[in-house]
Amino acid sequence: MTKRPNPLVRIVVLGLCIAIASQTFADTPLAPPEDFTHRAEIATVEGRVETNTTIVAPANHAPWAIPVWARFYLLAPDALSILVLSNGGNLLGSRDPDQIVATVYYVEDGAVHAQSFTLSDTMDPAEMPQTASHFLWLDSYRAADGGWELVLSNTKTITITYR
């Protein structure tokens, strides 16, 4: 008679393997930029590498474009605003307080506006934990009333407002 391993042990071992693998890939180089099209009920978002643009085509509004290819972004529920994170997303290459970590682009009166936020606008750079080769500044983000809610790596939550 063969004794079967406890299923709980299998789950714990699998969880540890996944955690180790996710930490291993956190500091790997980013894939090169490539064109993308993301379709959702509220809008289609297209990133074009050659022109370094991201085009937002809301379901109920004229399309609009921003002058950047956006690797990490979050579209507002009305599709008239987009939060674009730095190219590293939640990871930064330094603790430079003046580096731009996020930019909000939004449509108002038919024109596209931008508002950028530096690391020092969001948190104390000394509070960022270090990974193998980067610094973690952001845990999660979501659309909120009148802006974007950011949960920072120091566990503080801030709201970036615009307009």
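A few points on the structure. (Residues numbered from 1 in each chain as written. Predicted model: local features only at pLDDT ≥ 70, side-chain atom pairs only at ≥ 80, totals over all residues. Heavy atoms only, no water.)

1. Quick word on the overall build of the protein chain
Link 1 in the chain: On a plain count of helices and strands, the protein chain comes out with 2 helices and 13 strands.
Link 2 in the chain: Residue burial in the protein chain is summarised as follows: out of 163 residues, 34% are buried.
Link 3 in the chain: Of the contacts made within the protein chain by residues no fewer than 6 positions apart, 38% connect residues no fewer than 24 positions apart.
Link 4 in the chain: Accessible surface, the protein chain: about 9,900 Å² in total, of which carbon and sulfur atoms supply 57%. (Helix = DSSP H or I, 4+ residues; strand = E, 2+ residues; numbered from the N terminus. Buried < 20%, exposed > 50% of the residue type's maximum accessible area, 1.4 Å probe, protein only. Contact = heavy atoms within 4.5 Å. Areas by Shrake-Rupley, 256 points an atom, 1.4 Å probe, with all protein chains shown as cover.)

2. Overview of the nonpolar core
Link 1 in the chain: Ranked by size, the top nonpolar core spans 20 residues in total, and within it L83, V104, L119, M128, W137 and L150 carry the most contacts.
Link 2 in the chain: Those elements giving two or more residues to this core turn out to be β6 (81-85), β8 (100-108) and β12 (147-152).
Link 3 in the chain: If one sorts the elements of this core by residue count, β8 sits on top with 4 residues.
Link 4 in the chain: Every residue in contact with L83, bar those within four places of it in the chain, is listed here: F72, Y73, L74, A102, T103, V104, Y141, W148 and L150.
Link 5 in the chain: With 16 residues, the next largest nonpolar core counts I66, W69, V84 and Y105 among its residues. (Core = buried A, V, L, I, M, F, W, Y, C linked by side-chain atoms within 4.5 Å.)

3. Some details on the sheet that holds β6
Each strand in a sheet pairs with another by means of backbone hydrogen bonds, the pair being arranged parallel or else antiparallel.
Link 1 in the chain: The sheet built from 4 strands is open, its strands ordered β5-β6-β8-β9 with antiparallel pairing. Both edges of this open sheet fall to β5 (73-75) and β9 (111-118), since each of them pairs with a single strand only. This sheet shows a mean twist of 15° between the axes of neighbouring strands, independent of strand direction.
Link 2 in the chain: Examined bridge by bridge, β5 and β6 share 3 bridges and lie antiparallel to one another. Among the inter-strand pairings, L74 is bridged to a residue of β6, identified as L83. (Pairing = 2+ DSSP bridges. Axes fitted to C-alpha atoms, helices over the stretch in contact; angles between N-to-C directions.)

4. Some remarks on the packing of aromatic side chains
Aromatic ring pairs: the centre-centre distance and the angle between the two ring planes describe each pair.
Link 1 in the chain: Within the structure shown, the criterion is met by 2 aromatic pairs.
Link 2 in the chain: An angle of 65° between the planes, with centres 6.0 Å apart, marks the rings of F36 and W69 as edge-to-face. You can see F36 sitting in strand β1 (residues 36-39) and its partner W69 sitting in the loop between β4 (64-66) and β5, a full 33 residues away along the chain. Side by side, F36 and W69 carry an identical accessibility label, which is buried.
Link 3 in the chain: Geometrically, the ring pair formed by F36 and Y73 is stacked, given 6.1 Å between the ring centres and 15° between the ring planes. Taken as a pair, F36 in strand β1 and Y73 in strand β5 lie far apart in primary sequence, 37 residues in all. The residues F36 and Y73 share a single accessibility class, namely buried.
Link 4 in the chain: Aromatic rings pair up to connect F36, W69 and Y73 into one cluster. (Phe/Tyr/Trp six-rings, centres within 6.5 Å; stacked < 30°, edge-to-face > 60°.)

5. Brief notes about the pattern of salt bridges
Link 1 in the chain: Overall, the coordinates contain 3 salt bridges when judged by the stated rule.
Link 2 in the chain: E46 serves as the salt-bridge partner of R48, at 2.9 Å between the closest nitrogen and oxygen.
Link 3 in the chain: Close ionic contact of K156 with E127 constitutes a salt bridge, the shortest N to O distance being 3.8 Å. Pair noted here: K156 is in the loop between β12 and β13 (157-161) and E127 is in the loop between α2 (119-122) and β10 (135-136), with a separation of 29 residues, a long-range link. (Salt bridge = Lys/Arg side-chain N within 4 Å of Asp/Glu carboxyl O.)

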